[in-house]
Amino acid sequence: MAKDNKQKIIEVLTSISKQRGFIFQSSEIYGGLGSTWDYGPLGIELKRNVKNLWWKSMVTSRDNIVGMDAAILMHPGVWEASGHVENFHDPLVDNKESKKRYRVDHLLEDQDQGVIDQLVDSMDSKSSYKDDEEKYQAIVAFLLDNENTSDEILKNCKVIDPHTNAKGDWTKVRQFNLMFKTHVGPVSDSSSVVYLRPETAQGIFVNFLNVQGTSRQKLPFGIAQIGKAFRNEITTGNFIFRTREFEQMEMEFFCKSGETGKWLEYWSNERLEWFKSLGVTENKLRLRPHGPDELAHYSSACFDVEYQFDFGWSELEGIADRGTYDLDQHMKHSNKKLTYFDQANNEHIVPAVVESSAGVDRAVLTILADSFTQEEVNGEKRNVMKFDPKIAPITAAIFPLFNKEGMPEIAKKITDDLKNKFSTFYDAGGSIGKRYRRQDEAGTPFGITVDYDTLTDNTVTLRDRDTMEQKRISIDSITSAISDSV
RNA sequence: GCGAAAGUAGCUCAGCUGGUAGAGCAUCACGUUGCCAACGUGGGGGUCGAGGGUUCGAAUCCCUUCUUUCGCUCCA
C-alpha cells in the first residue's frame, strides 16, 4: 500500500514540476539524460530561496563563519590525499541466479572461514594479515587484478550468496569508480587527468590557511560553501533525490580536537532546526546517529537529518566529526603546514573538524514533497503547494477581476510597486477561479485582486492560499500585510 | 552493470483482430463573466523514441538499437 503510494507521489511531483515549470528532465529533446534534471522558472526561485536562507542562517547571521567558493576542478593530488581515489569506488559482483548484487568486500564478510581460506590459497603471493579487513581487501584487490577469471575463482571457492544460502553463479568482479574523470588541456594522456569534485568540502580544507588568515578568524570558526558536486552513482533515482550531478551546502567547523563532541551535538540540532524553520512538518524530520558500521572512512561520529518521504526515511544532511583527518592528510600529501597557532597555550595545533553537509536538491525535494497537498473544493480537486511564504517562488500574484474599466492598469501598477520587495506575478488570463488555482499549484501564498470596489475606495482583496479566505485591505497596506509573514 | 516495466500532443492516456492518429486537461486569441479549475467561438501543437524487416499498406506484427522509470550495491 505504502509502496503504491510512493510511486504516485513522486510521479505527481515529477509531473507537476514539469507542467508548472519547477523541474524538467535534462536534455529532454534528445531523449533525456539519466537522472539529471534542470530547474525551470519556479524551481530556480525555490532553490535560490533555499540556498539564500541557508547562507543567511549559516554565514551572514553569524560572526564566526565565513563563506567561499572553490573551483570544481582541483589538483588531482587533492583526491589522493582525501582518500577518494583509493576509497571512492566499489568492487561489485552479481549473482546471475538470484539477480542480487553485492559489494565484494561485504560479500566476503558473510562467508564461512573455509571459503575465505580457499580464496587466500588461490592467491599467488601469500602473506599474513593483521585482521580480517586487511585480508578481505587483499582478496578484493586480487580479484580485481584477475578480473577475467574472477567469476571462476568465486565459483571454484564456493562463495555463497547470503540471500539464497547457496553457491552463487557469479559474474566477473568489476570496479565502479564513483568519481568523474576528465582531462585538462587538448591531450588526453594520464598526466592531464582531473576529477570533477565529488564533494565541496575539500575545496574548503585546501584553502584553510588562506581563509583563516585573511578573515582573521580564531578557533572555533567555520567556512561555508555552496556548490555543485559529481558522483558517478551506479543507482540513481527518486526524482532529484539521488542524481549524478548535485549541489551541496557544506560548512566545515574548525575547533580544538577535544571539542568535536560538543560541536557535533550543537550543529546537529542547529541543522535540524533549520529544516523546521523552512516549514517542513516537524514529525517527519528526525536526527539519527550513525552506527559504527555506517561511518565513512574519515569520520568517527555522525548524525543524519532525515525526512520521512513516501519511499522511507532518507538522509537530507550529514553532520560528521571528521577529526583532524582531512588537514592531516593534506599536510602529508602537500608537504605544507596547515596548522593554527593557539596563543593561549602557545602551541601549533591541527584543528579538528565538524562538518555539516546538506544536499540542496534534497532540500528542494523535501519541500516539494512536504508542501504538496490535494484537497476537494466543491467536488473539484485542488492541488496546493503549501510553501512557507519565505521560500515560495512567487510571493504575491496580482489579478484584475475583469479586463475592463481600468482594473488591469491598477493591477499592473500594484505589481510594479511590489516588484522591488517581493517576487510577483501579474495574471489576467482566464477566469478568476482558474487564476487562483494556477497560483495554488505554484505555491503562491498571496493573491491580490483588483475589483469594482477598488475603483471607488482604493482597496483590494488579499487571498490566503491555504484557507482561500479573503479580506479587504487598502492598496497602501499591501506591503505591510505581506511583510509580516515573509 | 544485472533484472523488470515503459516510450503516441505540454500533461494523463486511448487507439495495437494491420487501412498513414484521437480524448480530457493544459496553452493562445476574441467574446462573455460582480471572486475560486464557469461558458462560447476559433487557433497552435504529433514524421506515434530511432533504424531496419514483413506487407499493396505498419502507431499496430518481427528484429535491432536508444532512452527513461523502478529494484539491487552506494550516498548529500
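Residues numbered from 1 in each chain as written. Chains lettered and ligands numbered in written order. Predicted model: local features only at pLDDT ≥ 70, side-chain atom pairs only at ≥ 80, totals over all residues. Heavy atoms only, no water.

A. Region of interest: helix α6 (residues 113-122). Along α6, the positions that sit buried rather than exposed are Val 115, Ile 116, Leu 119 and Val 120. In an axial view of α6, the angular spread of the buried residues amounts to 135 degrees, which keeps them on one side of the axis. Looking at the packing, one finds that the buried side of α6 touches α5 (104-109), α7 (132-145) and α8 (147-156). (Buried < 20%, exposed > 50% of the residue type's maximum accessible area, 1.4 Å probe, protein only. Helix = DSSP H or I, 4+ residues; strand = E, 2+ residues; numbered from the N terminus. Arc of directions from axis to C-beta. Contact = heavy atoms within 4.5 Å.)

B. How the structure looks around a nonpolar patch on the surface. A surface patch of nonpolar side chains, about 250 Å² in accessible area, is lined by Phe 402, Tyr 452 and Leu 455. In this structure, Tyr 452 sits in helix α16 (residues 452-457). For Tyr 452, a relative accessible area of 35% translates into the label partly exposed. (Patch = residues over 30% accessible without salt bridge, like charges linked within 9 Å, V, L, I, M, F, W, Y side chains within 5 Å. Areas by Shrake-Rupley, 256 points an atom, 1.4 Å probe, with all protein chains shown as cover. Salt bridge = Lys/Arg side-chain N within 4 Å of Asp/Glu carboxyl O.)

C. Geometry of the environment of Leu 107. Relative to the helices and strands, Leu 107 is located in helix α5. Taking the C-alpha atoms as reference points, Leu 107 and Val 93, 14 residues apart in sequence, are found 9.0 Å from one another.

D. Layout of the nonpolar core. Trp 267, Leu 368 and Phe 387 are the most contacted members of the largest nonpolar core, which has 53 residues in total. Residue contacts for Phe 387: discarding those within four places in its chain leaves Phe 22, Leu 46, Ile 367, Leu 368, Ser 371, Ala 392, Pro 393, Ala 442, Gly 443 and Arg 465. With 22 residues, the next largest nonpolar core counts Tyr 102, Leu 108, Leu 119 and Leu 154 among its residues. (Core = buried A, V, L, I, M, F, W, Y, C linked by side-chain atoms within 4.5 Å.)

E. Highlighting the packing of aromatic side chains. This model, assessed by the stated rule, comprises 16 aromatic pairs. The interplanar angle of 90 degrees and the centroid separation of 5.4 Å between the aromatic rings of Trp 263 and Tyr 266 together place this pair among those described as edge-to-face. Taken together, the residues Trp 263 and Tyr 266, both in helix α11 (residues 260-277) and three residues apart, mark about one turn of the helix. Here a set of aromatic residues connected by ring pairs shows up, and it is made of Phe 205, Phe 208, Phe 221 and Phe 254. Geometry around Trp 313 places Arg 286 over its ring, the cationic atom sitting 4.1 Å from the centre. Seen from the ring of Phe 241, Arg 362 lies directly overhead, with NZ or CZ sitting 3.8 Å from the centre. (Phe/Tyr/Trp six-rings, centres within 6.5 Å; stacked < 30°, edge-to-face > 60°. Lys NZ or Arg CZ within 6 Å of the ring centre and 35° of its normal.)

F. Broad picture of α8. Ser 150, Asp 151, Ile 153, Leu 154 and Lys 155 are the residues of α8 that are buried. Those residues of α8 that are buried lie in contact with β4 (89-95), α6, α7 and β7 (166-167). Looking one or two residues beyond α8, the residue adopting positive phi is Lys 158, at roughly 60 degrees.

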